[in-house]
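A closer look at the structure
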Amino acid sequence: MTRLISFRRPDGLPSFGRLDGDTVHDLGTAGSAAFLKDVADQDLAALPATGQFALADVRLLPVVPNPGKILCVGLNYATHVAETGREQKEFPAIFTRWADTLIADGEPLLRPRETERFDYEGELAVVIGKGGRRIARADAMAHVAGFSIFNDGSARDWQRHNIQFTPGKNYPATGAFGPALVLPDEVADLGSQRVQTRLNGELVQDQPISDMIWDIPFVIEYCSTFTPLAPGDVIVTGTPGGVGDKRKPPLYMKAGDVCGISIGVIGTLTNPVIDEI
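Worth saying up front: this structure is predicted, and the values here are computed from it rather than measured. Residue numbers run consecutively from 1 along every chain, following the written order of its sequence. Two thresholds apply to this predicted model, a pLDDT of at least 70 for residue-level local features and 80 or more for giving and counting side-chain atom pairs, whereas whole-chain, interface and lining totals are computed over all residues. Calculated side-chain values reflect all of the structure's heavy atoms, with hydrogen atoms and water omitted.

1. Some thoughts on the overall build of the chain
Using the following cut-off: Only DSSP runs of H or I reaching four residues or more are called helices, and only runs of E reaching two or more are called strands; each is numbered from the N terminus. Working definition: with a 1.4 Å probe on protein chains only, accessible area under 20% of the residue-type maximum means buried, over 50% means exposed, and in between means partly exposed. In this analysis, two residues are considered to be in contact whenever any of their non-hydrogen atoms come within 4.5 Å of each other. For accessible areas, the Shrake-Rupley method is used with a probe of radius 1.4 Å. Any residue's cover is judged against the shown protein chains and nothing else. In this tally, Asp and Glu contribute negative charge and Lys and Arg positive charge; neither His nor the terminal groups of the chain are included. Charge placement uses NZ in Lys and CZ in Arg. For Asp and Glu, CG and CD serve respectively.
The secondary structure content of the chain amounts to three helices and 19 strands. A total of 277 residues make up the chain; the buried ones form 52% of that total. For the chain, restricting intrachain contacts to residue pairs at least 6 apart in sequence, the fraction spanning at least 24 positions comes to 74%. A total accessible area of about 11,500 Å² is found for the chain, and carbon and sulfur atoms account for 52% of it. When the 26 basic and 35 acidic side-chain charges of the chain are each reduced to a single mean position, those positions are 5 Å apart.

Here it is, written out as structure tokens:
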């Protein structure tokens, strides 16, 4: 399976490459910064290697460290709609996250000083390959570069200060994104892949992607209607039921915790939690 990662080379320059066991085949131009989003519209499986490193000698970055847009779908599983007590709407809730909130697999999620209600949200992330505006649902999957995993770490109180979600979704180092990009052709049955979140090893979310209210083609069509999508843009597709905020008693992330999110063949994203100093 082709797994693409973004990383810092031993000299500190950012690049991207193909992961093969413990070897990273660099796909960027040697000696200069390189970013996955700049080639997301190309045949990623056919990109030639320009060098290689041991995985232990590079530092992982978020799969796309510098997306132009991160669009997040709220309330996209009926179980999550039900646990929040909200009414299911005709159209999805869309909010934005900023690129400077992203962290890589293995990096610590930073619980903000301003909240005790720091929650996990395991989600499938879709990376756009071919850009476009008003993309038809029937054509949408041809615009997908690949899939990854996202933890939409949420400060629940700040999320609900008013009717918008933005403040609670954009604290620094709260959006974990990784570990790798898996190409669409290598996920034979996307709908059967289960979003499974574990907090300190305890399974707290578990639902197949097929349970989404609005599927990926619909979301791409909908989002591309109001904003043009570009290569490297990220759509975070929503979280299943089981979030900590709605458990009895509530279950929030705290310093010392480890949150892991697995989505079938796409992989596992794992991040420890620390407190902001």
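2. Focus on the pattern of salt bridges
Heads up, the condition is: When a carboxyl oxygen of Asp or Glu is within 4 Å of a side-chain nitrogen of Lys or Arg, the pair counts as a salt bridge.
Taken as a whole, this structure holds 16 salt bridges when the rule is applied. Arg156 is the salt-bridge partner of Asp119, the closest N and O atoms lying 2.8 Å from each other. Taken together, the residues span a long stretch of sequence, with Asp119 in strand E10 (residues 118-119) and Arg156 in helix H2 (residues 156-159) at a distance of 37 residues. We classify Asp119 as buried; its relative accessible area is 0%. Note on Arg156: relative accessible area 1%, which makes it buried. A salt bridge links Glu121 to Arg156, with the shortest nitrogen-to-oxygen separation between them at 2.8 Å. With Glu121 in the loop between E10 and strand E11 (122-128) and Arg156 in helix H2, this pair connects stretches of sequence that are 35 residues apart. Here the two residues Glu121 and Arg156 agree in accessibility, since each one is buried.

3. So, the nonpolar core
Keep this limit in mind: In plain words, nonpolar cores are sets of buried Ala, Val, Leu, Ile, Met, Phe, Trp, Tyr and Cys residues tied together by side-chain atoms within 4.5 Å.
Among the nonpolar cores identified, the biggest contains 41 residues, and Leu124, Phe147, Ile220 and Ile266 are the most heavily contacted of them. When residues no more than four places from it in sequence are discounted, the contact partners of Ile266 are Arg3, Leu124, Phe147, Ser148, Ile149, Val182, Val187 and Leu190.

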